[in-house]
Amino acid sequence: MTALVRPRNGRVIGGVCAALARRFGTSATTMRVIFVLSCLLPGPQFLLYLALWVFLPSEGTAKTAW
């Protein structure tokens, strides 16, 4: 698995779906569809997306501790 960072290429809004897709080995489009479908269910999906956008480092600024 790769590090969880927001990529510079392939971002649509914040790069969160692209980062999660890269981490779990799926396409960014698939992850975006899953996110949109999950927004139809009750829950804090939008707030989770905003939190990941704020707290996930961008690809060029990520500092790896390993």
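Preceding block: the structure.
Rules of the game
- Each chain carries its own residue numbering, running from 1 in the written order of its sequence.
- Residues qualify for local features only when their pLDDT is at least 70, as the model is predicted, and side-chain atom pairs are given and counted only at 80 or more; totals for whole chains, interfaces and linings, by contrast, use all residues.
- Only hydrogens and water are set aside; all other atoms, that is, all heavy atoms of the structure, feed into the side-chain values.
- Working convention: axes come from line fits to C-alpha atoms, limited for helices to the stretch in contact. Angles between N-to-C directions cover 0 to 180 degrees.
- Per the convention used, a helix needs a DSSP run of H or I reaching at least four residues, while a strand needs a run of E reaching at least two, with both numbered from the N terminus.
- Oblique is the label for every angle not falling under 35 degrees (roughly parallel), over 145 degrees (roughly antiparallel), or within 65 to 115 degrees (roughly perpendicular).
- Residues are treated as being in contact if the distance between any of their heavy atoms lies within 4.5 Å.
- Gly is placed with the polar residues, together with every amino acid not listed as nonpolar (Ala, Val, Leu, Ile, Met, Phe, Trp, Tyr, Cys and Pro) or charged (Asp, Glu, Lys and Arg).
- Each patch groups residues whose relative accessible area exceeds 30% and which form no salt bridge, using 9 Å between like charges and 5 Å between nonpolar side chains of Val, Leu, Ile, Met, Phe, Trp and Tyr.
- A 1.4 Å probe and the Shrake-Rupley method give the accessible areas. Residues count as covered only by the protein chains that appear here.
- By convention in these notes, a salt bridge is any Lys or Arg side-chain nitrogen within 4 Å of a carboxyl oxygen on Asp or Glu.
- Per-residue accessibility, obtained with a 1.4 Å probe over protein chains only, is compared with the maximum for each type, and a residue is labelled buried under 20%, exposed over 50%, and partly exposed between these values.
- The criterion is simple. A nonpolar core is a set of buried Ala, Val, Leu, Ile, Met, Phe, Trp, Tyr and Cys residues joined through side-chain atoms within 4.5 Å.
- With a 1 Å grid laid over protein atoms only, a set of points is called a cavity when a 1.4 Å probe fits there but cannot get out and a pocket when it is open yet has protein on both sides within 12 Å along at least five of seven lines; lining residues have an atom within 4 Å of a point.
- Grid points are joined across faces, edges and corners, and a volume is the space filled by probe spheres set on the points.

Brief notes about the packing of helix α1 (residues 16-24) against helix α3 (residues 45-55)
Two elements in contact, α1 and α3, have axes whose closest approach is 9 Å; the angle formed by their N-to-C orientations is 80°. The pairing of α1 with α3 is recorded here as roughly perpendicular in orientation. Taking contact as the criterion, the partners of Val16, Cys17 and Leu20 in α1 are, on α3, Tyr49, Leu52 and Trp53. Across the contact of α1 with α3, the residue classes tally to six nonpolar, no polar and no charged.

Topic: a nonpolar patch on the surface
Among the surface-exposed residues, Val12, Ile13, Phe46, Leu47, Leu50, Trp53, Val54 and Phe55 lie close enough to one another that they form a single nonpolar patch of about 900 Å² accessible area. With respect to the helices, strands and loops of the structure, Val12 is situated in the segment before α1. You can call Val12 exposed: its relative accessible area is 60%.

Here we look at the nonpolar core
Membership of the largest hydrophobic core is limited to five residues, which are Val16, Cys17, Ala21, Met31 and Tyr49. No other element matches α1, which puts three residues into this core.

With respect to the layout of surface pockets
Size it by volume and the largest pocket reaches roughly 180 Å³. Listing elements by their share of the lining of the largest pocket, those giving two or more residues are α1, α2 (28-38) and α3. Of all the elements, α3 adds the most residues to the lining of the largest pocket, at four residues. Class assignment for the residues of the lining of the largest pocket results in eleven nonpolar, one polar and one charged. Of the voids in this model, the second largest pocket is the one considered here, and its volume is about 150 Å³. Lining the second largest pocket we find Val16, Cys17, Leu20, Met31, Ile34, Phe35, Ser38, Gln45, Leu48, Tyr49 and Leu52. Put simply, the parts of the chain that give the lining of the second largest pocket at least two residues each are α1, α2 and α3. Residue composition of the lining of the second largest pocket, grouped by class: nine nonpolar, two polar and no charged.

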